[in-house]
Amino acid sequence: MKKKIRKYNINNLDDLHAMVSTLKAEHELKGDLLLKDTKGYLNQFTISGLIKRYATPSAFLKIDDKLNLSSSIMSMVLPFLMNTTLFRGSGFLTKTLVGLASNKVGKTLDAEHISAIFNSIKSWFSSKKSKDEKTPQYVDYGIPPDSETY
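Okay, so let's go over this structure. (Residues numbered from 1 in each chain as written. Predicted model: local features only at pLDDT ≥ 70, side-chain atom pairs only at ≥ 80, totals over all residues. Heavy atoms only, no water.)

### Section: the overall build of the protein chain
Each helix and strand counted, the protein chain has 6 helices and 0 strands in total. Starting at the N terminus and walking to the C terminus, you meet the elements of the protein chain as α-α-α-α-α-α. (Helix = DSSP H or I, 4+ residues; strand = E, 2+ residues; numbered from the N terminus.)

### Here we look at a nonpolar patch on the surface
A contiguous nonpolar patch, built from Phe60, Ile63, Leu67, Leu69, Ile73, Met76, Val77, Phe80 and Leu81 and spanning about 890 Å² of accessible area, is present on the exposed surface. With 6 residues, helix α4 (residues 69-86) is the largest single contributor of residues to the nonpolar patch. The residue Leu67 is located in helix α3 (residues 57-67) in this model. Classification of Leu67 as exposed rests on a relative accessible area of 57%. (Patch = residues over 30% accessible without salt bridge, like charges linked within 9 Å, V, L, I, M, F, W, Y side chains within 5 Å. Areas by Shrake-Rupley, 256 points an atom, 1.4 Å probe, with all protein chains shown as cover. Salt bridge = Lys/Arg side-chain N within 4 Å of Asp/Glu carboxyl O. Buried < 20%, exposed > 50% of the residue type's maximum accessible area, 1.4 Å probe, protein only.)

### Points about the side chain of Ser70
Residue position: Ser70 is located in helix α4. Judged by relative accessible area, which is 14%, Ser70 ranks as buried. Apart from the residues lying within four places of it in its own chain, the contact partners of Ser70 are Asp64, Leu109, Asp110, Ala111 and Ile114. (Contact = heavy atoms within 4.5 Å.)

### Considerations on the environment of Ser126
Summarising the element assignment, Ser126 is placed in helix α6 (residues 111-132). Overall, Ser126 belongs to the partly exposed group, its relative accessible area being 41%. Within the local environment of Ser126, its side chain forms a polar contact with the backbone oxygen of Ser123, the two atoms lying 3.4 Å apart. (Polar contact = N/O pair within 3.5 Å; in protein donor to acceptor, adjacent residues only side chain to side chain.)

### Here we look at the side chain of Ser102
Looking at the secondary structure, you find Ser102 in helix α5 (residues 92-108). Of the polar contacts made by the side chain of Ser102, one reaches the backbone oxygen of Val98; its length is 2.7 Å.

### A short note on the packing of aromatic side chains
Overall, the coordinates contain 1 aromatic pair when judged by the stated rule. Ring centres 5.3 Å apart and planes at 75° place the aromatic pair Tyr41 and Phe45 in the edge-to-face group. Here Tyr41 matches Phe45 in class, with each residue exposed. (Phe/Tyr/Trp six-rings, centres within 6.5 Å; stacked < 30°, edge-to-face > 60°.)

### Comments concerning the pattern of salt bridges
Within this structure, the stated rule accounts for 1 salt bridge. Measuring nitrogen to oxygen at the nearest pair gives 3.4 Å for the salt bridge that ties Glu26 to Lys30. Within this pair, Glu26 and its partner Lys30 are both found in helix α1 (residues 13-43), separated by 4 residues, close to a single helical turn. Taking relative accessible area as the criterion, Glu26 reaches 26% and is therefore assigned partly exposed. Of the residues examined, Lys30 reaches a relative accessible area of 48% and is grouped as partly exposed.

### As for the packing of α4 against α5
Taken N-terminus to C-terminus, the directions of α4 and α5 make an angle of 150°; their axes are 7 Å apart at the nearest point. Classed by the angle they form, the pair α4 and α5 counts as roughly antiparallel. In this structure, the crossing between α4 and α5 has a hand that is right-handed. Touching Ser71, Met74, Ser75, Leu78, Pro79, Met82 and Asn83 of α4 are Lys95, Val98, Gly99, Ser102, Asn103, Val105, Gly106 and Lys107, all from α5. Each residue belonging to the contact of α4 with α5 can be placed in one class, and the counts come to 6 nonpolar, 7 polar and 2 charged. (Axes fitted to C-alpha atoms, helices over the stretch in contact; angles between N-to-C directions. Parallel < 35°, antiparallel > 145°, perpendicular 65-115°, else oblique. Left-handed = near helix turned anticlockwise from the far one by under 90°. Nonpolar A, V, L, I, M, F, W, Y, C, P; charged D, E, K, R; others polar.)

### A short note on the environment of Ser21
Here Ser21 is to be found in helix α1. A polar contact is formed between the side chain of Ser21 and the backbone oxygen of Ala18, at a distance of 2.8 Å.

Structure below.
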């Protein structure tokens, strides 16, 4: 790469001092810009930057379509949850049957089914709030239409 040679028209000491201060200001400005660009570039590769970029719901759905992570996790977690909560005092045979059945159910669940179940459960709780809030039957808008101000 060939260096660009600058030619300056400096005739006296005042021109020289002005050019030196201009070059110093330009140097500081380029240094600040370089530092800002470097921080922005390195910020892309931090953990928070990678999470913001790749940890989106659509990215999880794409990964789940390829690897079936949600179904494999559910096939392990669901039998454990069922046996520790609902069938705590049950015998060995009942826990085994529940574990096998919930394992099969967990394998059929994927991310879309899990999100649909979550949304339906969420709607049960949010629908109670919408029933409590009733709109008023009559709303007063100020001046009645029969008024003499028209």
